[in-house]
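Inside the fold
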Amino acid sequence: MTRRQELLLGLLGAALAFGICEAVSRAGIVRRSYLPPASEVLDHAARLAGDPAFLGGIGVTLRAWALGLGLACAIAVPLGLLLGAVPVVEGAVRAVIEVLRPLPSVALIPLVSLLLGSGTRTEVTLIAYASLWPVLFNTVYGLGETDPLAKDTLRAFGFGRLAVLLRVELPATAPFIAAGVRISAAVALILAVATEILSGFGQGLGIFIAQAQTETDGTRDVLAGVVWAGALGLVINGVLVGAERRLFAWAQEPRPEAAKSQRSRP
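Residues numbered from 1 in each chain as written. Predicted model: local features only at pLDDT ≥ 70, side-chain atom pairs only at ≥ 80, totals over all residues. Heavy atoms only, no water.

1. Looking at the packing of aromatic side chains
Note the threshold: Stacked, tilted and edge-to-face are the three classes assigned to paired rings of Phe, Tyr and Trp, where Trp is represented by its six-membered ring and a pair needs centres within 6.5 Å; plane angles under 30 degrees give stacked, over 60 edge-to-face, the rest tilted. Helix and strand labels come from DSSP, where a helix needs a run of H or I of at least four residues and a strand needs a run of E of at least two; each type is numbered from the N terminus. Buried, partly exposed and exposed residues are distinguished by accessible area as a fraction of the type maximum, computed with a 1.4 Å probe on protein chains only: under 20%, between the cut-offs, and over 50%, respectively. Only Lys NZ and Arg CZ are tested; either one counts as a charge over a ring when it is within 6 Å of the ring centre and within 35 degrees of the ring normal.
Applying the stated criterion across every chain yields a total of five aromatic pairs. Measuring from centroid to centroid gives 5.8 Å for Tyr 129 and Trp 133, while their planes differ by 90 degrees, and the two rings are edge-to-face. Linking Tyr 129 with Trp 133, this pair stays in helix α6 (residues 120–144), spanning four residues, or about one helical turn. The exposure classification of Tyr 129 matches that of Trp 133, with both residues buried. When the ring of Tyr 141 is compared with that of Phe 176, the centres are 5.6 Å apart and the planes differ by 70 degrees; the resulting orientation is edge-to-face. In this pair, Tyr 141 sits in helix α6 while Phe 176 sits in helix α8 (residues 161–199), placing the two residues 35 residues apart along the sequence. Its end group placed over the ring of Tyr 34, Arg 31 keeps NZ or CZ at 5.1 Å from the ring centre.

2. Observations concerning the packing of helix α3 (residues 52–85) against helix α4 (residues 87–100)
Note the following rule: As a rule, the C-alpha atoms of each element are fitted with a line to give its axis, helices using only the stretch in contact, and angles between N-to-C directions run from 0 to 180 degrees. These descriptions rest on fixed angle ranges, namely under 35 degrees for roughly parallel, over 145 for roughly antiparallel, 65 to 115 for roughly perpendicular, and the rest for oblique. In this description, contact between two residues means that some pair of their heavy atoms is separated by no more than 4.5 Å. Each residue is assigned to one class: nonpolar for Ala, Val, Leu, Ile, Met, Phe, Trp, Tyr, Cys and Pro, charged for Asp, Glu, Lys and Arg, and polar for all the others, Gly among them.
As a packed pair, α3 and α4 sit with axes 6 Å apart at the nearest point and diverge in direction by 120 degrees. Classified by the angle their axes make, α3 and α4 are oblique. Here Leu 82, Leu 83 and Ala 85 of α3 lie close against α4, whose contacting residues are Pro 87, Val 89, Glu 90, Val 93 and Ile 97. For the contact of α3 with α4, the per-class residue count stands at seven nonpolar, no polar and one charged.

3. With respect to α6
Rules: The span you would expect from a helix comes to 1.5 Å times its residue count less one. Throughout, the bend at a residue refers to the angle made by two axes, fitted to the seven residues ending there and to the seven starting there.
Along its 25 residues, α6 runs 36 Å from first to last C-alpha, staying within 8% of the 36 Å computed at 1.5 Å per residue. Remark: the principal bend of α6, roughly 35 degrees, maps to Leu 132, with a proline, Pro 134, within the next four residues.

4. A closer look at the nonpolar core
Where we set the bar: The set of buried Ala, Val, Leu, Ile, Met, Phe, Trp, Tyr and Cys residues whose side-chain atoms join them within 4.5 Å is what this entry labels a nonpolar core.
Core analysis: the biggest nonpolar cluster contains 42 residues, and Trp 65, Leu 205 and Trp 228 have the highest contact counts within it. Of all elements in the fold, only α2 (38–48), α3, α5 (109–116), α6, α8, α9 (205–213) and α10 (219–247) reach the threshold of two or more residues within this core. Excluding residues within four positions of it along the chain, Trp 65 makes contact with Ile 127, Ala 185, Ala 188, Leu 189 and Ile 236.

5. A word on the confidence of the model for the protein chain
Note the cut-off: The pLDDT value expresses, per residue, how confident the predictor is, ranging between 0 and 100.
With 93% of its residues at a pLDDT of at least 70, the protein chain reaches an overall mean of 84. Confidence, read as mean pLDDT per element, is least for helix α12 (residues 256–264) in the protein chain (37) and greatest for α3 (92). In the predicted structure, residues 254–266 sits below a pLDDT of 50 and forms zero contacts with residues beyond four places in sequence or in another chain.

6. With respect to a nonpolar patch on the surface
Here is the rule: Patch members must show over 30% relative accessible area and no salt bridge, and they are joined within 9 Å when carrying like charges or within 5 Å when they are nonpolar side chains of Val, Leu, Ile, Met, Phe, Trp or Tyr. In these tables, accessible area is a Shrake-Rupley quantity obtained with a 1.4 Å probe, and a residue counts as shielded only by the protein chains included in the view. Any carboxyl oxygen of Asp or Glu within 4 Å of a side-chain nitrogen of Lys or Arg constitutes a salt bridge here.
On the surface, Leu 71, Ile 75, Leu 79, Leu 82, Val 86 and Val 88 cluster together to form a nonpolar patch covering roughly 480 Å² of accessible area. At four residues, α3 tops the list of elements feeding residues into the nonpolar patch. Considering the arrangement of structural elements, one finds Leu 71 in helix α3.

7. Concerning the packing of helix α1 (residues 3–26) against α2
If you want to describe how two helices pack, look at the angle between their axes and the distance between the axes. The contact between α1 and α2 brings their axes to 8 Å, and the two run at 115 degrees. Relative to α2, the element α1 is oriented roughly perpendicular. Every residue of α2 that contacts α1 at Phe 18, Cys 21, Glu 22 and Arg 26 is listed here: Ala 38, Ser 39, Glu 40 and Leu 42. Considered class by class, the residues forming the contact of α1 with α2 number four nonpolar, one polar and three charged.

8. Brief notes about the pattern of salt bridges
A side chain of one charge can pair with a side chain of the opposite charge when the charged atoms of the two come close. According to the stated counting rule, one finds nine salt bridges in the structure shown. One salt bridge connects Arg 32 with Glu 40, and the closest N-O pair in it is separated by 3.6 Å. Since its relative accessible area comes to 28%, Glu 40 is described here as partly exposed. A salt bridge links Glu 244 to Arg 182; the nearest nitrogen and oxygen atoms lie 2.8 Å apart. Placement of the pair is Glu 244 in helix α10 and Arg 182 in helix α8, with a sequence separation of 62 residues. On the accessibility criterion, Arg 182 (25% relative accessible area) is partly exposed. One continuous salt-bridge network, built from bridges that share partners, spans Glu 90, Arg 94, Glu 98 and Arg 101.

As structure tokens, this is what we get:
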């Protein structure tokens, strides 16, 4: 499937969802106080773009998202390289990782808030914790997929362990790390908004949604905030996918064995 076909199918799906929501609301199947027409929600979301206070909240959310994601990458990539390169260390900490990984970040909000207080530090910490795991495991997996022949060739020419890591293993692992960052970016945005919603005060997109929930007729504001959250996630993912395709185009090319098998098919 080409990129144009993917784009057309995506637009078709969005138009279908828009039409269903619009028809359900206009037909009175669901009360407008519960589900306003999609056209009104989109119009209100567009009007929010002219609200400086709302845009300031978006900036606060994106700042926490960037800090948390950056902190997660700064921890996960070196740790993943260490675990993938030294099996003894990986075996020693595997039990600890398997205990910590299933813990939902949202459940840690009360504990982290008690230790760090409410505000950006708590939000960034929770975002970093949730975003850590995709990057970490992708790094370890990518390191294990490195071509052993390339590593043995460098060792045969007298290159040390660090040189093999920098010249062969890290470049081969980079596409896997990029995929992990792309996954973590979505997780980080979800945690940023969710943490703000649960905190209920301050600034941010989640704060806007939480405060709209308490209003008598705030459903339209809530849905408009959700539209903005979805749009931000779509833009972030599109940018990262584009950067990944541009920087690692060589990793997306079919291998000779795969191309040969495809040509041999009837």
